[in-house]
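# Structural description and commentary
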Amino acid sequence: MFNFNKKILNASEKALEMCKNQFEIIGDIAAHNQQKVLRAFIDQKISDMHFNATTGYGYNDSGREALDRVFSQIFDTEDSCVRHNFVSGTHALNVALFGVLRSDDKILSLTGSPYNTMHKTISYLKEFNIDFVHIDFFNNNKLDYEKIKSYLKNSKENFKALYIQRSPGYSFRESLTINDIKKLVEIARIFYPKTIIIVDNCYGEFVQKLEPTSVGADLIVGSLIKNPGGGIARTGGYISGKKNLIEMCACRLTTPGTGKDVGATLGLNRELFMGVFNAPQVVGEALKTVVFAAALCELLGYETMPKYSEIRSDIVQTVKLGSPGLLIAFCQGLQSASPIDSFVMPEPWDMPGYDHQIIMAAGAFTQGSSIELSADAPLSEPYAVWLQGGINFNSAKIGILSAASKMFEIEHK
Ligand SMILES: *Cc1c(COP(=O)(O)O)cnc(C)c1O
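So, here's what we can say about the structure. (Residues numbered from 1 in each chain as written. Predicted model: local features only at pLDDT ≥ 70, side-chain atom pairs only at ≥ 80, totals over all residues. Heavy atoms only, no water.)

## Considering the environment of Lys 260
To keep things clear, this is the line we draw: Only DSSP runs of H or I with at least four residues qualify as helices, and only runs of E with at least two residues qualify as strands; both kinds are numbered from the N terminus onward. Only protein chains enter the area calculation, which uses a 1.4 Å probe; residues under 20% of their type maximum are buried, those over 50% are exposed, and those in between are partly exposed. We call two residues in contact whenever any of their non-hydrogen atoms come within 4.5 Å of each other.
Position of Lys 260 relative to the elements: it lies in the loop between helix H8 (243-253) and helix H9 (269-299). Residue Lys 260 is classed as buried on the basis of its relative accessible area, which comes to 14%. A C-alpha to C-alpha distance of 9.6 Å links Lys 260 and Met 248, two positions 12 residues apart in sequence. Beyond its immediate chain neighbours, meaning those up to four positions away, Lys 260 contacts Arg 64, Asp 68, Asp 79, Ser 80, Arg 83, Ile 246 and Ala 250.

Below, the structure is given as structure tokens:
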């Protein structure tokens, strides 16, 4: 069994007490989203035959087509492209951008500079004379809607698309709630009624009762080794939204002329169905994990964002730990209580594309899966850790307690 320090265990009890209200809200959202998902499975008449494998071109893969319909129903969209062939969320985002944009188009990000892995995409878009414009509309880490309104009102640019990133990535701004996205869409439509609104929905699926496409976004994009894969999908991504846009994306993913009609699924359909079926529950476990971590870390005296009691719109938690030693201890403690690779000691390393050393803890069944309990951080001020996932709260809680214990040892050496 696990033997944690008495102080940590006491704090844990207290943290659980503090989380009661949030856990109830999380349970209510999971129950709502589970209904949505079950309804879609029933309405789309999912059956055993949809799990059959196709090979070669993968023509007439009824499972692939039914999975697209299930996602479309859940996400309130006309069409979807859910594929194991997307190698990551970044790949799906690339396909979406190159799918719908053409030379001389301009796209404006309403949420500033996008996620790190998208920076190369922006320069690649430039080579095709596609301009990805990003302006910082945040004020004290909150969106300044008036600033956006006046920018859009006075802008002479004919933006073909607007880009919204729901989760903050490695920055300290707030994640956008569905209500925030609704407001953005409403403002955007005043000045750009026809512009294509694309949302990077990574980490956001099933966290609230609605998705960005339920409040007017045209296209959402995400990864299947995050929320909608339910911890079961071993790879993949999705794009979901307006039918004509999905067709353009599918032509980019495969070829013009074949679009969505090809792509062998090799027997992977079953796990993609099972993943999305379990996703509302699994996202609930991940949310309970980060809310608990926020409460515990607050009790231990660390600054958390968001606070344990705040509304969530993604499954990510940041905690400012304040020193490299604590950061490393946190990650090592988390790793040592993971089901996979518990014996591995994470160390900071020079990851390509980053200015600082990065440390990562992940003891996951799927490589790089961040719906499973994982933590990562750049070794730079304010030495904050980004924590996400946890497909099983009882296990993930031990991971968090182990991380806290390891920090406690450092602080009381
Ligand atoms: C995870 C993530 C991505 C995509 O990352 P991949 O590692 O390529 O799947 C994009 N945007 C945000 C906000 C993310 O959290």
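## Some words on the packing of aromatic side chains
To keep it simple, the criterion reads: Aromatic rings from Phe, Tyr and Trp, with only the six-membered ring used for Trp, were paired whenever their centres fell within 6.5 Å, and each pair was classed as stacked if the ring planes differed by under 30 degrees, edge-to-face if by over 60, and tilted otherwise.
For the structure on display, the rule yields 20 aromatic pairs. Between Phe 71 and Tyr 238 the ring centres are 5.9 Å apart and the planes differ by 40 degrees, which places this aromatic pair in the tilted class. Of this pair, Phe 71 sits in helix H3 (residues 62-74) while Tyr 238 sits in strand S9 (residues 237-241), and the two are 167 residues apart along the sequence. Looking at Tyr 238, the relative accessible area reads 0%, which means it is buried. Pairing Phe 292 with Phe 393 gives two aromatic rings, centres 5.9 Å apart and planes at 85 degrees, and the pair type is edge-to-face.

## A look at the packing of helix H4 (residues 89-100) against helix H5 (residues 119-127)
For clarity, the cut-off: Under this scheme, a helix contributes an axis fitted over its contacting stretch, all axes are lines through C-alpha atoms, and angles between N-to-C directions fall in the 0 to 180 degree range. The labels follow the angle: roughly parallel below 35 degrees, roughly antiparallel above 145, roughly perpendicular from 65 to 115, and oblique for the rest. For any helix crossing, the convention is left-handed if the near helix is rotated counterclockwise from the far helix by under a right angle, and right-handed if that rotation is clockwise. Lys, Arg, Asp and Glu make up the charged group, whereas Ala, Val, Leu, Ile, Met, Phe, Trp, Tyr, Cys and Pro make up the nonpolar group; the residues left over, Gly among them, are polar.
At a minimum axis distance of 11 Å, the contact between H4 and H5 shows a crossing angle of 20 degrees. Comparing the axis directions of H4 and H5 gives the class roughly parallel. As H4 packs across H5, the resulting crossing turns out to be right-handed. Contact with H4, carried on its side by Asn 94, Leu 97 and Phe 98, involves Thr 121, Tyr 124 and Leu 125 of H5 and no other residues of that element. Here the residues of the contact of H4 with H5 are counted per class, giving 4 nonpolar, 2 polar and no charged.

## Brief notes about the pairing of strand S1 (residues 79-83)
Along S1, 5 of the 5 residues are buried, which leaves the element largely enclosed by surrounding structure. A two-sided burial pattern is seen for S1, the buried positions comprising Asp 79, Cys 81 and Arg 83 on one face and Ser 80 and Val 82 on the other.

## So, the side chain of Gln 317
Put simply, the rule is: For this analysis, a polar contact is any N or O atom pair within 3.5 Å, provided that within protein one partner can donate a hydrogen and the other can accept it, and provided that sequence-adjacent residues contribute only side-chain to side-chain pairs.
Turning to its location among the elements, Gln 317 is positioned in strand S11 (residues 316-320). By relative accessible area, which is 0% here, Gln 317 ends up buried. In terms of polar contacts, Gln 317 uses its side chain to reach the backbone carbonyl oxygen of Pro 306, at 2.9 Å.

## Section: the environment of Phe 137
Turning to its location among the elements, Phe 137 is positioned in the loop between strand S3 (131-134) and strand S4 (138-139). Taking relative accessible area as the criterion, Phe 137 reaches 1% and is therefore assigned buried. Sequence-wise, Phe 137 and Ile 148 are 11 residues apart; in three dimensions their C-alpha atoms are separated by 6.4 Å.

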